[in-house]
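# Structural description and commentary
Now for the letters of each chain:
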Amino acid sequence: MLATTGWTAVHRPEAGVSPRAAALTVWTGARFEGRSLPAADAPARTVARFFAGLDGAQRARLAEGHPLVVGNLDGAPVATRYRANLLALRRAALAEEARGHDVALTPADRATAVRRAHRFSSLAEPGRQILAFDPSGGGLVAEVFGDVDEARRISVIVPGVDTDAVTFERTQRRLTAPVGMAQSLYETERAADPAGRTAVIAWAGYAAPTGLGMDAATGRMAVDGAVRLKSLAAALPGDASIALFCHSYGSVVCGVAAHELPRRVTDLVVAGSPGMRAESVAELHTSARVWAARDEGDWIADVPHLEVGGLGHGADPVSPGFGARLLSSAGARNHTGYFEPGTASLDNFAKIGTGAFGSVMCATGDGACRAGISGAERD
């Protein structure tokens, strides 16, 4: 089975074919029980119709035969995607474990393989809900907390630089990684509204810049990330409203995507933002409410908020002229503290995520950031 689903590419990186690309090639030429398979980039509704014609056992067999495709297939039932991705992660962990013992590789490459094997094994633990997984390159991954099928409100964490499959979660400095951020937000939302039907997604579904070099200073990688983010928002099941929580370079991704996001995205929240590649909320051309927060000690404040010749990301989202709703982030520390329990930023994020706009704390100490929101209190 490994040979027929593209996994040989994991063991033979010199072939220059990524595991995902190999799997897509097999999928394109395959049939399932006499049926043509939908294109991997088919609209979510087309994919949903295909899976609606399969029973549970058939869905399981398809997931087992093509895990790297089914696990990332917008429109496929989320339970089927979870099943496919757990299998894909286990296979990827075995492949990386083998690379970790391959004496033909450099010590650095073997060490990287060992780290990837450990991370993939962790992500494949029973009970985890992995919505997307691609081991190619640095790796892409997304994880769901809560029941996304039944949720009325969905929050999505969009992280910034140095995010890949290995750094998707951390044991040390847990709340600086997407998994820790999402867990913290989900727990706070559940505490704020125990009866509410909410879900939170930790989304590392785009290739993020490494470090603070040229890639982080341009919008090139944000453009690809925006395409993937729009696809995610459009394909989530049901009709739940969506709030995006965009940290650091993630806010660049959200800014580039803003004008094409589906209307179900009701809130864009940026924290520690270098800019959204726009000079104002109006230039984002979005129907979503735009919120912004920045801690006083966040070094991002010292980054020039401008765009010249493709470098830089535009105006400062917390500047008065930008027009965002300014949130209090009291208690947050520096650039990575916005999801720490006990901070005003995390409390505000949870209120936005659960729709409790009337109790959001504004940075200005009044009710200015709540103005114009139906049902919200005003001071």
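Residues numbered from 1 in each chain as written. Predicted model: local features only at pLDDT ≥ 70, side-chain atom pairs only at ≥ 80, totals over all residues. Heavy atoms only, no water.

### With respect to the overall build of the chain
- Tallying secondary structure elements over the chain gives twelve helices and ten strands in all.
- For 379 residues, the compact-globule estimate of 2.2 N^0.38 gives 21 Å, and the C-alpha radius of gyration of the chain, at 21 Å, lies within 12% of that figure.
- Dimensions along the principal axes, computed over C-alpha positions, put the chain at roughly 65 × 50 × 40 Å.
- Out of the 379 residues in the chain, the part that is buried amounts to 55%.
- For the chain, the proportion of contacts with a sequence separation of at least 24, taken over those separated by at least 6, is 64%.
- Of the roughly 16100 Å² of accessible surface on the chain, 53% is carried by carbon and sulfur atoms.
- Separation between the mean location of the 38 positive side-chain charges and that of the 40 negative ones in the chain comes to 6 Å. (Helix = DSSP H or I, 4+ residues; strand = E, 2+ residues; numbered from the N terminus. Rg over C-alpha atoms; globule rule 2.2 N^0.38 Å. Buried < 20%, exposed > 50% of the residue type's maximum accessible area, 1.4 Å probe, protein only. Contact = heavy atoms within 4.5 Å. Areas by Shrake-Rupley, 256 points an atom, 1.4 Å probe, with all protein chains shown as cover. Lys, Arg positive; Asp, Glu negative; His and termini not counted. Charge placed at Lys NZ, Arg CZ, Asp CG, Glu CD.)

### A few points about the environment of C362
- Of note, C362 is situated in the segment after α12 (344-354).
- Classification of C362 by relative accessible area gives buried; the value is 7%.
- With 18 residues separating them along the chain, C362 and A344 place their C-alpha atoms 9.5 Å apart.
- The contacts of C362, once residues within four sequence positions are left out, are L326, L327, S328, G367, A368, C369 and R370.

### Quick look at the environment of A79
- Note on placement: A79 falls in helix α6 (residues 78-100).
- Take A79: its relative accessible area is 53%, and that puts it in the exposed class.

### A closer look at the packing of aromatic side chains
- Per the counting criterion, the structure on display carries six aromatic pairs.
- Judged by centre distance (5.1 Å) and plane angle (75 degrees), the rings of F120 and F133 are edge-to-face. Taken together, the residues F120 in helix α7 (residues 107-123) and F133 in strand β3 (residues 130-134) connect sequence positions 13 residues apart. F133 shares its class with F120; the two are buried. (Phe/Tyr/Trp six-rings, centres within 6.5 Å; stacked < 30°, edge-to-face > 60°.)

### A word on unusual backbone geometry
- Of note, the phi angle at R277 is positive, near 55 degrees, even though the residue is not glycine.
- Mapped onto the secondary structure, R277 falls in the loop between β8 (265-271) and β9 (289-293).
- Residue R277 is classed as partly exposed on the basis of its relative accessible area, which comes to 31%.
- A positive phi angle is found at H285, which is not glycine, with a value near 55 degrees.
- Relative to the helices and strands, H285 resides in the loop between β8 and β9.

### Description of helix α4 (residues 56-65)
- Every buried residue belonging to α4 is among Q58, A60, L62, A63 and G65, and all of these are buried.
- On its buried side, α4 packs onto α2 (19-28), β1 (31-32), β2 (35-36), α3 (44-52), α5 (67-70) and α6.
- For α4, the capping residue at the N-terminal end is D55, with a side-chain oxygen 3.2 Å from the backbone nitrogen of A57. (Polar contact = N/O pair within 3.5 Å; in protein donor to acceptor, adjacent residues only side chain to side chain.)

### Remarks on the state of the cysteines
- Counted by the stated rule, this structure contains two disulfides.
- Paired by a disulfide, C246 and C254 hold their sulfur atoms 2.1 Å apart. Every disulfide takes its handedness from the sign of the S-S torsion; for C246 and C254 that torsion is -90 degrees, giving left-handed.
- Exposure remark for C246: the relative accessible area of 1% places this residue in the buried category.
- Residue C254 is classed as buried on the basis of its relative accessible area of 0%.
- With its disulfide-bonded cysteines labelled consecutively along the sequence, the chain is connected as 1-2, 3-4. (Disulfide = S-S within 2.5 Å.)

### Some details on the environment of F349
- Considering the arrangement of structural elements, one finds F349 in helix α12.
- Judged by relative accessible area, F349 falls into the buried class, the value being 1%.
- Residues F349 and F245 lie 104 residues apart in sequence; the distance between their C-alpha atoms is 7.8 Å.
- Leave out the neighbours within four places in its chain, and F349 touches L185, E189, F245, V269, A271, L327, Y338 and F339.

### Regarding the sheet that holds β9
- Ordered in space as β3-β4-β6-β5-β7-β8-β9-β10, the eight strands form an open sheet in which the pairing is mixed. Here the strands that pair on one side only, and so sit at the sheet edges, are β3 and β10 (325-326).
- Sheet topology places strand β4 (residues 140-146) next to strand β6 (residues 198-204); six bridges connect them, and they run antiparallel. In the strand pairing of β6, A142 is matched with W203.
- Lying over the sheet, α6 contacts β3 and β4, oriented at roughly 40 degrees with respect to β3.
- Where helix α8 (residues 178-192) meets the sheet, its contacts fall on β4, β5 (153-158), β6 and β7 (241-247), and the angle it forms with β6 comes to roughly 170 degrees. (Pairing = 2+ DSSP bridges. Axes fitted to C-alpha atoms, helices over the stretch in contact; angles between N-to-C directions.)

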